[in-house]
Amino acid sequence: MPVQKVNDSSDLDAKVPSHLQRTSITSLTMTSEPSHRCVKATVVHKGPVISCAQKDGIEMLRAEIKEEDPLQRTAEHTSINVIFFGTLAKDFSQSARQGDVVLLADFTIKKSPSFLRDKLHPCQLEMDGKDACVYVCPSAAPSHGPSSSEAKYTYVPLNDLKPKTVVNVYGVVTFFKQPFPSKGSDFCSTLKITDQSDVKVGCNIFSKKLEDHPVIFRVGDIIRLHRFKADMFRDSMSLLNTFGWSTVTFDGTIDSPVVPRTSSKSFHFGESDIRTVQELRQWAANQSWISKDLTVSLSLVKPGMYFDLTCQLLAKAVMDSRCILLKVWDGTKCQHPLLKVAVASDALEGESTVAKDRMNLTANVLVYDNHLEVARDLKPGTFLQLYNLHALLQRAPDQQPDQPDHLSFHLHGGTSYGRGLRSLPVESPALQSLKSVLEKHVDLDEYDEVNDGTLLEIWYTPPEAVEADTGPSYTVLTCEHNTRRLTLARVKHSTPPLSCHVQARVKKYMPQQLYQCLKLFCSNCKTMEDVPDDSAVAKIFRESAKDNQACDEQWAATSTASSREPGRTISMHISRDMVGESTHMQLIFVEGTTLDEICVLSRDYKNLVPVRSVNGRMTLMDLTAPFLFSGDKRCYGCKQCSVNTFQNPVFTGVETWDEQAVAKALGVQLMQYRLLIQFELEDQTDTLEAVLWENAERFFHVSAVDASGSQDLQDKIQTIMDTIQPPDSSLEERPLLDLCLSVYTVKDNNRNKVCYQITNTEIKEE
């Protein structure tokens, strides 16, 4: 019999014929001589028996085995695919299971066609000859991970939690969010757990290191929390990590191996933990909420759905600064035609997906905002879990009215409803069914070779492109996009997101008064405001100076001076820690001054902070006015995001007082100066409105913050605009502009609005 069983792993070597020499998986190469050699490893995954079309319908089975030799733990490629054919496939399917130790002899070594996708060994073993044989040793009790002794921990049921106590608990995850940046320097994980008491408890975990956060894949996973503080929050019991905290998570599927997931190198895990995990699995399996798993295959997705998707990343491309395209599949065919997103072939990282695209197997997922950081680090071939993915119907370019809309997938910004994405380890039990489905499409890899015809079919920019330049351009492109130039009409009928090149003239621009193009932008809450005019700021200073009583702060040294107005005194305060330092290093708080007076003072002092007195305590003025004057530069703070407090000021440990350091010390969210201009562009086919925003400083070769205090730089911008659109000129007399456009969508009153922005473009400098 080609598959033989032995009772004990230690007997495997003894019962193998003496002419076979054991070799390690890591040492296998395409040039290795396989005859009279054998490998010993553990079965990690076993697929189904299927029919192989390449071998006239002969039965085949694919398995993954992993070498468990302690000396190989840090080596690469300790796992390898094994393909069984014919009788061996059927016998192995009946005799071996996941976790069994196997010894394979008289195999053939071939190149693995799935190496780039599964990241296993670059070779695969094929068991097909009459001399090929397999020895199987059934698995013993599951491995329990690191544990030196059966330590004693007391676990508190969730219904027995008391406020202000530090506890250890077990629970089943009912809701979770992937780690996201908190308002401080930590990442935060949010989850809810329950146990047999049926009490649900919220939990927040704060840690600077992402790897310290719990590795949760789906609702129903089991989690163990050590040294968490229980307390009341909004009338409900909650848990928060404390000093020495730790977490361990487990897959929640019944009968799956009890394998702990943790970044800790030393943690206790014994027989009692195994029993607790198994008991929670059994209990959770009978609960109604556990059936609400939102994971859906592509074949079952319907328009408008929010769902979770387990899939594999085939390729990816950066669309623009706000969006990354992920091309994924799960081996199932969507019932709706899938939207194809145009992207330059040289911008695509990963394998070709041409054959899968044709069969409607490839889903194009557009990832936005806070999820970009994770998406950038993903490598093609990685297995993914996408949470709260949105399926939307969109019309494709050149789509006929009688044709159905195409389905697109968007991972919107934010963390609501657990929205996010994460990679899954290859050995995750959640991937076993996915791998089985993907194996049925292994033949597609042979047809995914790219040639000129397929490139044109998938990536060809539609034909309505500009044939030739009609004159010299006043701008230069700084991007590396290898795309043909489109007409404006073509751009307006394209499906976002898209990056493209156009050539057009400026029909008009807004605002006509260019000083109004200078804006204040808060990077935290995304608020954008006009820069207040001097009359409004001067009024705030005048009202603050009226009947002002100088404040007296213990941390400040104060000097006074008489103003030109009778009865009004100007006070200047400085931290006692700064007395004796040069004016360049000092931070001076000015009280009772007018706008004109503080502007005069700012010529001699670098950092002036206007303040007022409230009940004898110092506080900042209304943030409509600048919170800092630094030479000709005025710095503004965001009203929504600033703390604006002098309760515990700290002015030590700062080497240089720039606007960032001042804002941090005062609890102010610094607003950034930005340039914003809206153009109406026109070519021979259409008109289009596009904004110049993120790229404005590069476009004009001018810094917005420098322009805020320099008339010369403001004049430079005006000169450029007069050249782009000369006064009293006709459209034909205006210069052509080569522009890179970014096409994207934003939410406007719960509707998607298509927007256009000029990027990667600069004015030619003489």
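**As for the overall build of the protein chain**
Working step 1: Of the regular secondary structure elements, the protein chain holds 15 helices and 39 strands.
Working step 2: By residue count, 50% of the 766 residues in the protein chain fall in the buried class.
Working step 3: In the protein chain, of all internal contacts separated by at least 6 residues, the share reaching a separation of at least 24 is 66%.
Working step 4: Accessible surface computed for the protein chain: about 37,700 Å², of which carbon and sulfur atoms make up 48%.

**Let's talk about the pairing of strand 14 (residues 222–233)**
Working step 1: Pairing of strand 11 (residues 165–181) with strand 14, which is carried by seven bridges, proceeds in the antiparallel orientation. Of the residues in strand 14, the one forming a bridge with Val169 is Leu225.
Working step 2: Of the pairings in the sheet, the one linking strand 14 to strand 15 (residues 236–250) comprises eleven bridges and is antiparallel in character. Among the inter-strand pairings, Ile222 is bridged to a residue of strand 15, identified as Phe250.

**A word on the nonpolar core**
Working step 1: In this structure, Val491, Phe679, Phe700, Met721 and Ile724 are the most contacted members of the largest nonpolar core, which totals 57 residues.
Working step 2: Ranked by residue count, the leading element in this core is strand 24 (residues 498–510), at six residues.
Working step 3: Met721 has contacts with Tyr509, Leu514, Ile677, Phe679 and Phe700, leaving out every residue within four places of it along the chain.
Working step 4: Listed in part, the 28 residues of the second largest apolar core include Leu158, Ala230, Leu239 and Leu431.

**Some words on the sheet that holds strand 13 (residues 200–207)**
Note on sheets: strands pair through backbone hydrogen bonds, and any given pair is parallel or antiparallel.
Working step 1: What the five strands build is a closed barrel, ordered 11-12-13-15-14; its pairing is mixed. Neighbour to neighbour, the strand axes of the sheet diverge by 50 degrees on average, direction disregarded.
Working step 2: Bridging between strand 12 (residues 187–194) and strand 13 involves eight bridges; their strand directions are antiparallel. For Leu191, the partnering residue across the bridge sits in strand 13 and is Cys203.
Working step 3: Along the sheet face, helix 4 (residues 271–285) touches strand 11, strand 12, strand 14 and strand 15 and points at about 60 degrees away from the line of strand 11.

**Let's talk about the side chain of Ser238**
Working step 1: With respect to the element layout, Ser238 can be found in strand 15.
Working step 2: The exposure class assigned to Ser238 is buried, which follows from its relative accessible area of 17%.

**A few points about the pairing of strand 7 (residues 101–105)**
Working step 1: Along strand 7, five of the five residues are buried, which leaves the element largely enclosed by surrounding structure.
Working step 2: What you see with strand 7 is no split at all: Val101, Leu103 and Ala105 on one side and Val102 and Leu104 on the other are buried throughout.
Working step 3: The pairing of strand 3 (residues 37–46) with strand 7 spans five bridges and is classified as antiparallel. Pairing of Lys40 across the sheet is with Leu103, part of strand 7.

**Thoughts on the sheet that holds strand 36 (residues 687–692)**
Working step 1: An order of 24-35-36-38-37 is seen for the five strands of this closed barrel, with the pairing classed as mixed. Along the sheet, successive strands turn relative to each other by an average axial angle of 55 degrees, direction set aside.
Working step 2: Note: strand 24 against strand 37 (residues 737–748), seven bridges, orientation antiparallel. Considered in strand 37, the bridge of Gln503 is made with Asp738.
Working step 3: Strands in contact with helix 15 (residues 711–724) are strand 24, strand 35 (677–682) and strand 37; relative to strand 24, the strand with the most contacts, it is inclined by about 95 degrees.

**Remarks on the pattern of salt bridges**
Working step 1: For the coordinates displayed, the defined rule picks out 19 salt bridges.
Working step 2: Where Glu64 meets Lys435, a salt bridge forms, and the shortest distance between an N and an O atom there is 3.3 Å. Pair noted here: Glu64 is in strand 5 (residues 58–66) and Lys435 is in helix 7 (residues 432–439), with a separation of 371 residues, a long-range link.
Working step 3: The exposure class assigned to Glu64 is buried, which follows from its relative accessible area of 5%.
Working step 4: A salt bridge links Asp686 to Lys492; the nearest nitrogen and oxygen atoms lie 3.6 Å apart. In this pair, Asp686 is assigned in the loop between strand 35 and strand 36 and Lys492 in helix 9 (residues 488–492), connecting sequence segments 194 residues apart.

**A few points about the packing of aromatic side chains**
Working step 1: Under the defined criterion, the tally for this structure stands at eleven aromatic pairs.
Working step 2: Seen in terms of ring centroids, Phe679 and Phe699 are 6.5 Å apart; in terms of plane orientation they differ by 50 degrees. Their pairing is tilted. Placement of the pair is Phe679 in strand 35 and Phe699 in helix 13 (residues 696–700), with a sequence separation of 20 residues. With respect to class, Phe679 is no different from Phe699; both count as buried.

**What to know about unusual backbone geometry**
Working step 1: The peptide bond linking Met510 to Pro511 adopts the cis configuration, its omega dihedral lying at 0 degrees.
Working step 2: Topologically, Pro511 is positioned in the loop between strand 24 and strand 25 (518–521).
Working step 3: Here Asp369, not a glycine, exhibits a phi torsion of approximately 55 degrees, which is positive.
Working step 4: As for its placement among the helices and strands, Asp369 is situated in the loop between strand 19 (363–368) and helix 6 (372–377).
Working step 5: In this structure Asp369 comes out as partly exposed when scored by relative accessible area, which is 48%.
Working step 6: The backbone phi angle of Asp728 is positive, close to 60 degrees, even though this residue is not glycine.
Working step 7: Secondary-structure assignment places Asp728 in the loop between helix 15 and strand 37.

**What to know about helix 7**
Working step 1: The buried fraction of helix 7 amounts to six of the eight residues, a majority that puts the element mostly inside the structure.
Working step 2: Where helix 7 is buried, its residues meet strand 3, strand 4 (50–52), strand 5, strand 16 (306–320), strand 17 (323–329) and strand 20 (383–394).

Quick notes on the rules
- Residues numbered from 1 in each chain as written.
- Predicted model: local features only at pLDDT ≥ 70, side-chain atom pairs only at ≥ 80, totals over all residues.
- Heavy atoms only, no water.
- Helix = DSSP H or I, 4+ residues; strand = E, 2+ residues; numbered from the N terminus.
- Buried < 20%, exposed > 50% of the residue type's maximum accessible area, 1.4 Å probe, protein only.
- Contact = heavy atoms within 4.5 Å.
- Areas by Shrake-Rupley, 256 points an atom, 1.4 Å probe, with all protein chains shown as cover.
- Pairing = 2+ DSSP bridges.
- Core = buried A, V, L, I, M, F, W, Y, C linked by side-chain atoms within 4.5 Å.
- Axes fitted to C-alpha atoms, helices over the stretch in contact; angles between N-to-C directions.
- Salt bridge = Lys/Arg side-chain N within 4 Å of Asp/Glu carboxyl O.
- Phe/Tyr/Trp six-rings, centres within 6.5 Å; stacked < 30°, edge-to-face > 60°.

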